[in-house]
Amino acid sequence: VPLPERKLISGVRREVQRAPSGRGSLAAGIGDDCALLRVPPRHQILVTTDFTLEGVHFRREWHPPRSVGHRCLARGLSDIAAMGGEPVAAFLSLALPAKLPQKWVDDFMGGLLVLAKQFGVPLAGGDTASSPAGIMADIVVVGALPRGEAVLRSTARPGDLVFVSGALGGSAAALQLLYAGKRLDPRSYPAHFFPAPRIEVARRLRRAEIVTSMIDLSDGLSTDLRHICEESRVGAEISAQSIPQAKFRDGAVELDLALHGGEDYELLFTARPGTRVPRSVAGVPITHVGRITRGRKIVLLPENGSRSELESRGWEHFRSTR
Ligand SMILES: [Mg+2]
């Protein structure tokens, strides 16, 4: 076993032993053939898995390892949030190039574990291998929620109102600067480098029985709204002037970035008309941006001018490593 792998495994094992036992979700972790999870009675299990690939989801020259580790876990936690669930445990498989400095791995783990601690999620296992080309991380997050309470994409109905949490486009705006060759201080652009998964917002929305459908904004509003519409067999109307455009430097991001930019990890959800939806949940602003319609079209209502179909300009990952 090469040294980095040994260090990694012992590091992960230490984390598991330090995992908060109060939650009681982990009956046995690293050191056995499988992690053994305790399922709370009358709960269902959520599982999500996401790749983080060098050159596709991050670049070593743009993203410090702490940010890569944070974003790796944030993607999984955000998917658990999108269903209204509580995270239970995370599993990490890493393929690392032989020449990767141990410091990079340590900082990557550091960034991931700070976020894990913040959400009380034990890292309960994983695997390591050497990679012939580039860093590859696969995160699996297991969550739970009371049986029948998962918030789906397929349950929006015509007449429902559409809401988003937080502000949109901030992550894509930072990415645009990186593409333009700017060096960024990660602490000044948390929306991109250290996004906050909306676990608490989603949990409160589910418990208050406010939401009829929900998705997390990983690919961008225009694409993720289409996922809701396709799964629910409905259309939507979105009002351009209501979109919460992220603050950026001295102003706000362009509308296009707020509509199409990915990786904000905010929530998009629907609620029946007449439901009292708070203006903020767990300190995060909630904004009414449109409504669900019959038919299958997604329409953008501009501030002035004529309505147009909102095309899904999907999130483009970095096209190549170099
Ligand atoms: Mg998702």
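Quick notes on the rules
Residues numbered from 1 in each chain as written. Predicted model: local features only at pLDDT ≥ 70, side-chain atom pairs only at ≥ 80, totals over all residues. Heavy atoms only, no water. Salt bridge = Lys/Arg side-chain N within 4 Å of Asp/Glu carboxyl O. Helix = DSSP H or I, 4+ residues; strand = E, 2+ residues; numbered from the N terminus. Buried < 20%, exposed > 50% of the residue type's maximum accessible area, 1.4 Å probe, protein only. Expected span 1.5 Å × (residues − 1). Donors = N, O, S within 2.8 Å, 3.2 Å for Na, K, Ca; no water. Core = buried A, V, L, I, M, F, W, Y, C linked by side-chain atoms within 4.5 Å. Axes fitted to C-alpha atoms, helices over the stretch in contact; angles between N-to-C directions. Parallel < 35°, antiparallel > 145°, perpendicular 65-115°, else oblique. Left-handed = near helix turned anticlockwise from the far one by under 90°. Contact = heavy atoms within 4.5 Å. Nonpolar A, V, L, I, M, F, W, Y, C, P; charged D, E, K, R; others polar. Pairing = 2+ DSSP bridges.

Undergrad: Looking at this structure, I do not really get the pattern of salt bridges. What am I missing?
TA: Pairing between side chains of opposite charge can happen when the charged atoms of each approach one another. Enumeration according to the criterion identifies 17 salt bridges in this entry. One salt bridge in this structure joins Asp50 and Arg75, with 3.5 Å as the shortest N-O distance. A residue pair is termed long-range when its members are at least 10 positions apart, and Asp50 in strand β3 (residues 43–53) and Arg75 in helix α2 (residues 65–82) qualify at 25 residues. The partner of Glu54 in a salt bridge is Arg60, and the shortest N-O contact between them spans 3.0 Å. In the salt-bridge network here, residues are joined through shared partners; they are Glu86, Glu149, Glu200, Arg203, Arg204, Arg206 and Arg207.

Undergrad: Explain the environment of Thr223 to me, please; I cannot follow it from the model alone.
TA: Checked against the element boundaries, Thr223 lands in helix α7 (residues 221–232). Overall, the relative accessible area of 12% leaves Thr223 in the buried class. Along the backbone, Thr223 and Ser312 are 89 residues apart, and their C-alpha atoms lie at a distance of 4.8 Å.

Undergrad: Looking at this model, I keep getting lost on helix α3 (residues 102–118). Mind explaining?
TA: Compared with an ideal rise of 1.5 Å per residue, which puts 17 residues at 24 Å, α3 spans 24 Å between its outermost C-alpha atoms and is within 8% of the ideal. For α3, the set of buried residues is Trp104, Val105, Asp107, Phe108, Met109, Gly110, Gly111, Leu112, Leu113, Leu115 and Ala116. Immediately downstream of α3, the backbone of Gly120 shows phi near 60°, a positive value.

Undergrad: What is the right way to read the coordination of the magnesium ion from this model?
TA: Put simply, a metal with four donors set out as a tetrahedron has ideal angles of 109.5 degrees, and one with six donors set out as an octahedron has ideal angles of 90 or 180 degrees. Protein coordination of the magnesium ion is provided by Asp79 (OD) and Asp216 (OD), with donor distances spanning 2.1 Å. Of the two residues, Asp79 sits in helix α2 while Asp216 sits in strand β8 (residues 213–216), which places them 137 residues apart along the sequence.

Undergrad: How do you make sense of the nonpolar core when you look at a structure like this?
TA: Generally speaking, nonpolar side chains in soluble globular proteins are found buried as a group. Membership of the largest hydrophobic core comes to 46 residues, with the highest contact counts inside it found for Leu73, Leu92, Phe108, Leu112, Leu205 and Phe269. For this core, the secondary-structure elements that each account for two or more residues are α2, β4 (86–96), α3, β6 (136–146), α6 (199–207), β12 (267–271) and β14 (284–293). In this structure, Ala156, Ala173, Leu257 and Ile292 belong to the second largest nonpolar core, which totals 37 residues.

Undergrad: Teacher, can you tell me more about unusual backbone geometry here?
TA: Outside of glycine, negative phi angles account for most residues, and trans bonds account for most peptide bonds. In this structure, Arg249 takes a positive phi of about 50° despite not being glycine. Within the element layout of this structure, Arg249 appears in the loop between β10 (247–248) and β11 (251–252). Of note, Tyr265 is a non-glycine position whose phi angle comes to about 55°, a positive value.

Undergrad: I keep staring at the packing of α2 against α3 and nothing clicks. Help me out?
TA: The axes of two packed helices give the description: the angle between them and the distance between them. It is the contact of α2 with α3, at a shortest axis distance of 6 Å, that shows an interaxial angle of 40°. Looking at the two axes, α2 sits oblique to α3. Here α2 runs over α3; the crossing is right-handed. Across the interface between the two elements, Pro65, Arg66, Val68, Gly69, His70, Cys72, Leu73, Ala74 and Leu77 from α2 touch Trp104, Asp107, Phe108, Gly110, Gly111, Leu112, Val114, Leu115 and Ala116 from α3. Counted by class, the contact of α2 with α3 contains 12 nonpolar, four polar and two charged residues.

Undergrad: Would you explain the sheet that holds β3 in this entry?
TA: Strands pair in a sheet through their backbones, by hydrogen bonds, and they do so in one of two ways: parallel or antiparallel. If you trace the four strands from one edge of the open sheet to the other, you get β3-β6-β4-β5, paired in mixed fashion. Among the strands making up the open sheet, the edge pair consists of β3 and β5 (123–130). Within this sheet the neighbouring strands show an average axis-to-axis angle of 15°, counted without direction. With seven bridges joining them, β4 and β5 adopt parallel strand pairing. By the bridge assignment for β5, Ser93 is matched with Asp127. In this fold α6 packs onto β4 and β6, with an angle of close to 145° to the strand it touches most, β4.

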